[in-house]
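Geometric and topological summary
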Amino acid sequence: GLDSESVLVDANPNIFLAQAYLTHHIVAGFGFYMINRLQGCTGIGAFGLLYELPVLMMNHREFAVLCDPRPAWMLEKAKMEEFWYRYKVAYVIGRIIPTIVYVYSLLFWRDDLALISWGEVLLYHFMAIFFTYLNYRLLNVLNCWYASDNRVINKHLEAQYEARVLSEGGTLNGENSRGKDQEMGVDDDAGAGVLNEPEPVCDEVDPATQASQLKEVTEAEFYKDSGATYEPGVVWIEIDGIAYDVSGFMDLHPGGAATLQRFMGRDATEAFHRVRHSLSAKL
């Protein structure tokens, strides 16, 4: 569920992650070797063990993602959110706290650092800076994984709802659409309203037909609100030549508010269709 645009890397995300894991383990092995050789900087070793704490939970997620079908906990919003909450706690303990300790040592333990050997000084700073930078690079990947899990759950909920409506002899329009939005926690104000006509059989909606029923938004207005002079609380994006004010949808977007902000004042058509949104999302 990752691509070079979403994770903000130039290379293929799979190659980036493979290189990151390989480099991480090479540096970690070098660090433990030097700790043993120098017989010092044992605190680095302790933090190195804490550093692996979030990895245990991420391995749990990766095995679950490879399952077909996915385990029930990955298809239930509350349980998935609970997993990510625990992961964030583990990430803070294993990754953020060691960085805080390092910064604190630079400010208040300078006299103590002056007493250790040059080899220990170099090892201490190198390991701290390298793994802090690695954590920073991986944060964006983690956010993308979280957004991907949310998209899977939303599609699962849509499929469940549509199957239930059809099994009851209903249609996916009008009042049923409103019930679906309320059941799935979608704000009516985030879209263009509830459709009173049956959904079309095709997967695409003619942009020209839809645009003819909407008010015109000038480029000056579009870029004034969303461009360099962005007004807080106002977010416009363009999809298929249509300007959408998604300000009220930021917190509801399955991919997170950051995804919409990245296309603020820009044409998001290609990215929107590349994700393969459901028909309900397109409408």
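Okay, so let's go over this structure. (Residues numbered from 1 in each chain as written. Predicted model: local features only at pLDDT ≥ 70, side-chain atom pairs only at ≥ 80, totals over all residues. Heavy atoms only, no water.)

**What to know about the side chain of E120**
Formally: Helix and strand definitions here come from DSSP, where helices need a minimum of 4 consecutive H or I residues and strands a minimum of 2 consecutive E residues; each element is numbered from the N-terminal end. Think of it in three bands: with a 1.4 Å probe and only protein chains considered, a residue is buried below 20% of the maximum accessible area for its type, exposed above 50%, and partly exposed in between. Just so you know, the count uses Lys and Arg for positive and Asp and Glu for negative, and it drops His and the chain ends. The working definition used for a salt bridge is a side-chain nitrogen of Lys or Arg within 4 Å of a carboxyl oxygen of Asp or Glu. Throughout this description, a polar contact denotes any pair of N or O atoms lying within 3.5 Å of each other; where both atoms belong to protein, one of them has to be capable of donating a hydrogen while the other can accept it, and for residues adjacent in sequence the pair is counted only when both atoms sit in side chains. Residues count as neighbours in contact if any of their non-hydrogen atoms are within 4.5 Å of one another.
Its location among the elements puts E120 in helix 6 (residues 118–167). As a buried residue without a salt bridge, E120 has its nearest oppositely charged side chain in R37, at a separation of 12 Å. A polar side-chain atom of E120 sits 3.0 Å from the main-chain amide nitrogen of S117. If near-sequence neighbours (up to four positions away) are discounted, E120 is found in contact with L38, G40 and C41.

**Some thoughts on helix 6**
One full turn of an α-helix is made of 3.6 residues, so residues set three or four places apart face in the same direction. The criterion, for reference: One less than the residue count of a helix, multiplied by 1.5 Å, gives the span that helix is expected to have. We define the bend at each residue as the angle formed by axes fitted to the 7 residues ending at it and the 7 residues starting at it.
Between its first and last C-alpha atoms helix 6 spans 73 Å; for 50 residues at 1.5 Å apiece the expected length is 74 Å, and the two agree. A bend of about 30 degrees at L138 is the largest found in helix 6.

**Regarding the pattern of salt bridges**
Here the structure, examined in full by the defined rule, presents five salt bridges. Between K79 and E76 there is a salt bridge whose closest N-O contact spans 3.7 Å. Of the charged contacts, one joins E82 and R86 as a salt bridge, the two residues approaching to 2.6 Å between their closest N and O atoms. Residue E82 and its partner R86 are both found in helix 4 (residues 77–108); the two are separated by four residues, about one turn of the helix. Owing to a relative accessible area of 39%, E82 belongs among the partly exposed residues under this scheme.

**Describing helix 4**
Here helix 4 spans 44 Å end to end across 32 residues, near enough to the 46 Å set by a 1.5 Å rise per residue. Of all bends in helix 4, the biggest is about 35 degrees, found at V92. Three or more residues of helix 4 are buried, namely M80, F83, W84, Y87, A90, Y91, G94, R95, P98, Y102 and S105. Buried residues in helix 4 make contact with helix 2 (42–51), helix 3 (53–66), helix 5 (110–113) and helix 6.

**Concerning the packing of helix 3 against helix 6**
What counts here: Interaxial angles span 0 to 180 degrees and are taken between N-to-C directions of axes, which are lines fitted to C-alpha atoms, for helices over the stretch in contact. Our angle categories are set so that under 35 degrees counts as roughly parallel, over 145 as roughly antiparallel, 65 to 115 as roughly perpendicular, and the remainder as oblique. For any pair of crossing helices, the crossing counts as left-handed if the nearer helix is rotated counterclockwise from the farther one by less than a right angle, and right-handed if it is rotated clockwise. When residues are sorted by character, Ala, Val, Leu, Ile, Met, Phe, Trp, Tyr, Cys and Pro go into the nonpolar class, Asp, Glu, Lys and Arg into the charged class, and all the rest, Gly among them, into the polar class.
Across the interface, helix 3 lies against helix 6 with an axial gap of 13 Å and an inter-helix angle of 40 degrees. Overall, the two elements helix 3 and helix 6 adopt an arrangement that is oblique. Crossing of helix 3 against helix 6: the hand is left-handed. Counted together, M58, R61 and E62 of helix 3 and L142, W145 and D149 of helix 6 form the full contact between these two elements. Classifying every residue of the contact of helix 3 with helix 6 by side-chain character gives three nonpolar, no polar and three charged.

**Considering the pairing of strand 2 (residues 242–245)**
Our working definition: Whether two strands pair comes down to DSSP finding at least two bridges between them.
When strand 1 (residues 236–239) meets strand 2, the two strands line up antiparallel, connected through four bridges. Across the sheet, the residue bridging to E238 is A243, located in strand 2. As consecutive antiparallel partners, strand 1 and strand 2 are separated by two residues, and within that stretch D240 has a phi angle of approximately 55 degrees, a positive value.

**Examining the environment of T132**
Mapped onto the elements, T132 comes out in helix 6. Distance from T132 to R95, taken between C-alpha atoms, is 7.8 Å for residues 37 residues apart in sequence.

**Describing the nonpolar core**
What counts here: Nine residue types can take part in a nonpolar core, namely buried Ala, Val, Leu, Ile, Met, Phe, Trp, Tyr and Cys, and a core is a set of them joined through side-chain atoms within 4.5 Å.
Grouped together as the largest cluster of nonpolar side chains are 35 residues, with contacts concentrated most on I44, W84, Y87, L123, F131, L134 and W145. Of all the secondary-structure elements, those providing two or more residues to this core are helix 1 (13–38), helix 2, helix 3, helix 4 and helix 6. Sequence-distant contacts of L134, defined by excluding residues within four places in its chain, comprise A20, H24 and Y51. Counting residues in hydrophobic clusters, the runner-up holds ten residues, among them V246, L260, A268 and A271.

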